[in-house]
Amino acid sequence: HQVEAAPLEWLVPGLLREKCIALIKTLPKTKRRNLVPVPDHVDRILGELVSKKNASLNQSLGDVLSRQAGVTIDAADWQMDKLDTFYFANIVLVDAVEKIIDQGRDLAALRAKYKAKVQTTLQQIGNDVERQGLLKWDFDRVPASVDLDRGAVKVKAYPALVRKKNNADIQLFDNPNEARVAHVKGTCQLALNELGQTAKYARKQLLTGKDIGLALVSIGTREQVANDILLATIRRACFSSERDQFIESKDVFMQCIGTGKADIVAMATEYEQILVKCLAEILSIKKRVKSSKNALALALPFGDVQKQLDAIFQPGFIFDTPWRWFEQLPRYLGAANQRLEKVAQKPRADQVSADIVAEAWARHEERLKQRGEAEYLLDDNWQQYRWMIEELRVSLFAQTLKTLMPVSEKRLKKQWALLG
């Protein structure tokens, strides 16, 4: 579980040239034709390429080719399914006595296959660390990592507070990113418990009478959404300055609560107001489609808008969406509304714009599938890219609403390049 994927992509030096040639041959024809003869291009860049082994091979190869040959290569351009299997490192999994348990060439698949077993092992050997049913921070600290003995093998594990409805457990993770993401929410849950009457008052007032509006999106009951708002509020009010820090000690935890406690009710109201505006826009979108006299013309655009809504409005999205972007949601929905209002006049132009957005979204979705949500939630550049897609929608479909920053297909690709 501690093996990094990027170094495995580079294989042994003797195979690197051949793998680069094979990779380039998987590119779309429109880009590949600028790189012929392929072996000659690879020979010219190989020296520079090997100096970039700290990143993934695909990213490094794409960057060098883009600079030296003037060909823009995106992550989605590499068609990895066309690559022969021997160009992927064979990973051998062994036990404590070096007996082979399994092997394969897909690290993600092996991790997924044995994740439950690794977690079970961590629980068995980490009993001194794990705790359950915590209502308050009544312990000294949660270390960012621990080394556990498993026979002759040292196993590194990552403790974290994990939210369990109205309490939290200390649980061991095999993945530091997953531990850190879980710990933030678990910490906020204990802070919510610590706030007592302040939290109780806010929870009672939030979204009163909005049950029907909440039924428009699949984000939970009024109580669940109110809790999501409170957890997001606590994160923003109490722990925003500690965003990149793992809260380990009770002293720091209590200091953070003291700093932000006075802002809880006001900030929770801000979240509520934004969400209510969103629900009104969603209702307007659904009414527009239902009352349209040209349902056929709206079928594809509305399907695309529905996918947009589904991607944003998920259980827990309020907590996971940074405030900077959360407060923009009504504008994004307003842009979707304008799009549906105008699409019948220019269906072809709408489809062209939709294709541009779809290409940008596909990059994000593919990376999310490969890297996981935890890495996304911890990567500011990646989150910037994801929300720039929403800004691009505004630019393409509802220019009058204006964008938060200059945005274009080219600027999105430049932002994507920062992800590495």
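Remember, it's a predicted structure, so these values are computed and weren't measured experimentally. (Residues numbered from 1 in each chain as written. Predicted model: local features only at pLDDT ≥ 70, side-chain atom pairs only at ≥ 80, totals over all residues. Heavy atoms only, no water.)

Caption draft 1: Highlighting the overall build of the chain. The secondary structure content of the chain amounts to 20 helices and 6 strands. Across its three principal directions, the C-alpha atoms of the chain cover 70 × 70 × 30 Å. A total of 420 residues make up the chain; the buried ones form 42% of that total. In the chain, the proportion of contacts linking residues at least 24 apart, taken out of those at least 6 apart, comes to 65%. Within the structure as shown, the chain displays about 22,200 Å² of accessible surface, and the carbon and sulfur contribution to it stands at 51%. Charged side chains in the chain number 63 positive and 53 negative. The centres of these two groups are separated by 5 Å. (Helix = DSSP H or I, 4+ residues; strand = E, 2+ residues; numbered from the N terminus. Buried < 20%, exposed > 50% of the residue type's maximum accessible area, 1.4 Å probe, protein only. Contact = heavy atoms within 4.5 Å. Areas by Shrake-Rupley, 256 points an atom, 1.4 Å probe, with all protein chains shown as cover. Lys, Arg positive; Asp, Glu negative; His and termini not counted. Charge placed at Lys NZ, Arg CZ, Asp CG, Glu CD.)

Caption draft 2: Fine view of the pattern of salt bridges. In total, this model carries 18 salt bridges according to the counting rule given. Across the salt bridge formed by D77 and K31, the nearest N and O atoms sit 2.5 Å from each other. Placement of D77 in the loop between α5 (57-69) and β1 (91-94) and of K31 in helix α3 (residues 29-32) is noted, with a sequence separation of 46 residues between them. Several salt bridges share partner residues, and in doing so they unite D304, R339, D350, R386, E390 and R393 into one network. (Salt bridge = Lys/Arg side-chain N within 4 Å of Asp/Glu carboxyl O.)

Caption draft 3: Fine view of unusual backbone geometry. Following V36, the chain continues to P37 via a peptide bond in cis, the omega torsion being -5°. Within the element layout of this structure, P37 appears in the loop between α3 and α4 (38-49). Even without being glycine, L207 reaches a positive phi, approximately 55°. Mapped onto the fold, L207 is located in the loop between α8 (197-205) and α9 (211-214).

Caption draft 4: A look at a nonpolar patch on the surface. Together, V92, V94 and I100 make up a nonpolar patch on the protein surface, roughly 240 Å² of accessible area in all. Looking at the element boundaries, V92 is found in strand β1. The exposure class assigned to V92 is partly exposed, which follows from its relative accessible area of 41%. (Patch = residues over 30% accessible without salt bridge, like charges linked within 9 Å, V, L, I, M, F, W, Y side chains within 5 Å.)

Caption draft 5: Just the packing of aromatic side chains, in detail. Enumeration according to the criterion identifies 13 aromatic pairs in this entry. When the ring of Y271 is compared with that of W323, the centres are 4.8 Å apart and the planes differ by 70°; the resulting orientation is edge-to-face. Of this pair, Y271 sits in helix α12 (residues 264-291) while W323 sits in helix α15 (residues 323-326), and the two are 52 residues apart along the sequence. Among the residues examined, W323 registers a relative accessible area of 18% and is labelled buried. Each residue in the set Y271, F313, F317, W323 and F326 is aromatic and connected to the rest through ring pairs, giving one cluster. The ring of F88 has K19 lying over it, and the distance from NZ or CZ to the ring centre is 5.6 Å. One Lys or Arg, R386, reaches over the ring of W387 and ends 4.0 Å from the middle of that ring. (Phe/Tyr/Trp six-rings, centres within 6.5 Å; stacked < 30°, edge-to-face > 60°. Lys NZ or Arg CZ within 6 Å of the ring centre and 35° of its normal.)

Caption draft 6: Summary view of the side chain of R386. With respect to the secondary-structure elements, R386 resides in helix α19 (residues 380-397). Since its relative accessible area comes to 4%, R386 is described here as buried. Once residues lying within four places of it in the same chain are set aside, the contact partners of R386 are A311, I312, W361, H364 and Y376.

Caption draft 7: Main features of the environment of H364. Note on placement: H364 falls in helix α17 (residues 347-371). For the pair H364 and I389, spaced 25 residues apart in sequence, the C-alpha to C-alpha distance is 9.5 Å. Once residues lying within four places of it in the same chain are set aside, the contact partners of H364 are Y376, W382, Y385, R386, I389 and W416.

Caption draft 8: Seen up close, the packing of α4 against α5. Viewed as axis vectors pointing N to C, α4 and α5 meet at an angle of 115°, and their least axial separation amounts to 10 Å. You can see that α4 and α5 cross each other, and the crossing is right-handed. Residues H41, R44, I45, E48 and L49 of α4 lie in contact with α5, whose contacting residues are L57, S60, L61, V64, L65, R67, Q68 and A69. Partitioned by chemical class, the residues of the contact of α4 with α5 number 7 nonpolar, 3 polar and 3 charged. (Axes fitted to C-alpha atoms, helices over the stretch in contact; angles between N-to-C directions. Left-handed = near helix turned anticlockwise from the far one by under 90°. Nonpolar A, V, L, I, M, F, W, Y, C, P; charged D, E, K, R; others polar.)

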